[in-house]
Amino acid sequence: MSETQKLLMLPGPTNVPPRVMRAMLKPLIGHRGPEFKELFNKLLSKTKKVFETKGDMFILTSSGTGATEAALQNITDDGDKIIVNVNGFFSERLGEAIKAYGGKPVILGSEWGKAPRVEDFEKIVKANPDAKALAVVYNETSTGVTVRALERLGEMCAEHDMLLMVDAISILGGDKLPVDDWNVDMCVTASQKCLMTPPGLAFISVSDKAWTKIKSKKINRSYYLDLQMYQKYIQDGYTPFTPAVTLLYALNEACDMILEEGLPARYERHRICAEAVYNGMEAMGLGLYAEKESRSHTVAAVNSPMGMDEGKVRELIRTKYGIDFGGSLGKAKGKMFRVGIMGNVGSADIMTTVGAIGSATSELGFKAKVDEGLEAARETLSRLPGKVN
Ligand SMILES: Cc1ncc(COP(=O)(O)O)c(C=O)c1O
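Draft legend 1. Focus on the site of the ligand. The full set of residues close to the ligand is Gly-12, Ser-63, Gly-64, Thr-65, Phe-90, Val-137, Thr-141, Asp-167, Ile-169, Ser-170 and Ala-190. Classifying every residue of the shell around the ligand by side-chain character gives four nonpolar, six polar and one charged.

Draft legend 2. Structural context of the sheet that holds strand β10 (residues 201–206). In spatial order, the strands read β2-β10-β9-β8-β5-β3-β4; together these seven strands make up an open sheet with mixed pairing. Strands at the two margins of the open sheet, each flanked by one partner only, are β2 (56–61) and β4 (104–109). Adjacent strand axes in the sheet meet at a mean angle of 20 degrees, parallel and antiparallel pairs treated alike. The sheet contact formed by strand β3 (residues 81–86) and β4 spans six bridges and is parallel. Within the sheet, the bridge partner assigned to Val-84 lies in β4 and is Ile-107. Sheet strands touched by helix α2 (residues 34–51): β2, β9 (186–190) and β10. Its angle to β2, the strand with the most contacts, is close to 110 degrees.

Draft legend 3. The arrangement of the domain arrangement of the chain in detail. Each assigned domain of the chain is listed here: domain 1 (18–260) and domain 2 (262–381). Distance from the C-alpha centre of domain 1 to the C-alpha centre of domain 2: 28 Å. In this assembly, 22 residues from domain 1 lie in contact with 23 residues from domain 2. The class makeup of the residues in the side of domain 1 that touches domain 2 is eight nonpolar, nine polar and five charged.

Draft legend 4. Focus on helix α7 (residues 208–216). For α7, the complete set of buried residues consists of Ala-210, Lys-213 and Ile-214. What you see down the axis of α7 is that its buried residues fit within an arc of 100 degrees, all on one side. Summarising the geometry of α7, the exposed residues directed more than 90 degrees from the buried face are Asp-208, Lys-215 and Ser-216. Residues of α7 that are buried make contact with α3 (64–75), β8 (163–167), β9, β10 and α8 (227–234).

Analysis parameters
- Residues numbered from 1 in each chain as written.
- Predicted model: local features only at pLDDT ≥ 70, side-chain atom pairs only at ≥ 80, totals over all residues.
- Near = placed C-beta within 6 Å.
- Nonpolar A, V, L, I, M, F, W, Y, C, P; charged D, E, K, R; others polar.
- Pairing = 2+ DSSP bridges.
- Helix = DSSP H or I, 4+ residues; strand = E, 2+ residues; numbered from the N terminus.
- Axes fitted to C-alpha atoms, helices over the stretch in contact; angles between N-to-C directions.
- Contact = placed C-beta atoms within 7 Å.
- Domains from an automatic or database assignment.
- Buried ≥ 20, exposed ≤ 12 C-beta atoms within 10 Å, placed from the backbone.
- Arc of directions from axis to C-beta.

See the structure below:
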């Protein structure tokens, strides 16, 4: 396998900055000793800043789904109704996971490429006042759609004494999500996306309101994902099971980078980079999959032109230009590809991406207006303040 660094414009995993990679070279430490305790306590405090929460934070050794399962297993009793928006592959999975833990998903479906409206949420919440929680995929990675009404959903859940559980796996750290201010009771994410850390860590924040439900729950269906056990260990600065210490070194460095940049600046950089992709694609003559008002700032879904198999476009770009994009999933299979705009992304990555898409689609027979696309992307990126990479 080649050791040449690829440009990962995937919707996860993303490019890990050299500073974060280097942090993993530190010697290992035992996870029951004082050095670990110091590191772990620092990490809890830094990740809470990134989540903007004063609630509890748990760092699990698993992919993002581990944190989703932790949230569901800890709040669900048999037959508990949980309302869930389904508008793509990952929200479909969330509905399935609710069932796996004995819950009864009440599905608010909407078209792929669109987000449900506040009124739709209001209607379903009103019709199901006995629902225990509302589960929302904030950023549907399979379609590049963000539920922009999340803040209002938090108010709604507070009014209805319902928990709000948010899958923020492909957005936290790349777009606004003040967990406490928006009344999010359980927020889950993963290391390999906007947190620009290698895959293997998952995160879950827990509010006081969520704890009340966790403590009153009758059934415990998992030993590994029992948050009450994590809570006991965390009080002494440890985890109940062996943590991925090397990844925690990386996370520590990544959190420093995130906090040095500052959350508002980071969100603005993601927004401008995403807009540059959208504007570049449209100027080039390519279509976008997501409706305009819900377009994600961390994943851009680009329609493959002239019914071209999107797999061919990606394969050409991968082999010729060394850039990886995400393919299409489920219902969108073959129709579009996905560009991840996550983590350390900046002008150079975006211009390279836009240029490669223009060149590859042209080579495959589409009359891409490459110059116009690059100009639109360049013009949009000129709004980025100062240093970008
Ligand atoms: C919104 C969303 N939810 C869940 C997942 C699953 O995460 P993981 O593969 O880290 O378990 C993903 C992965 O891309 C995702 O984007």
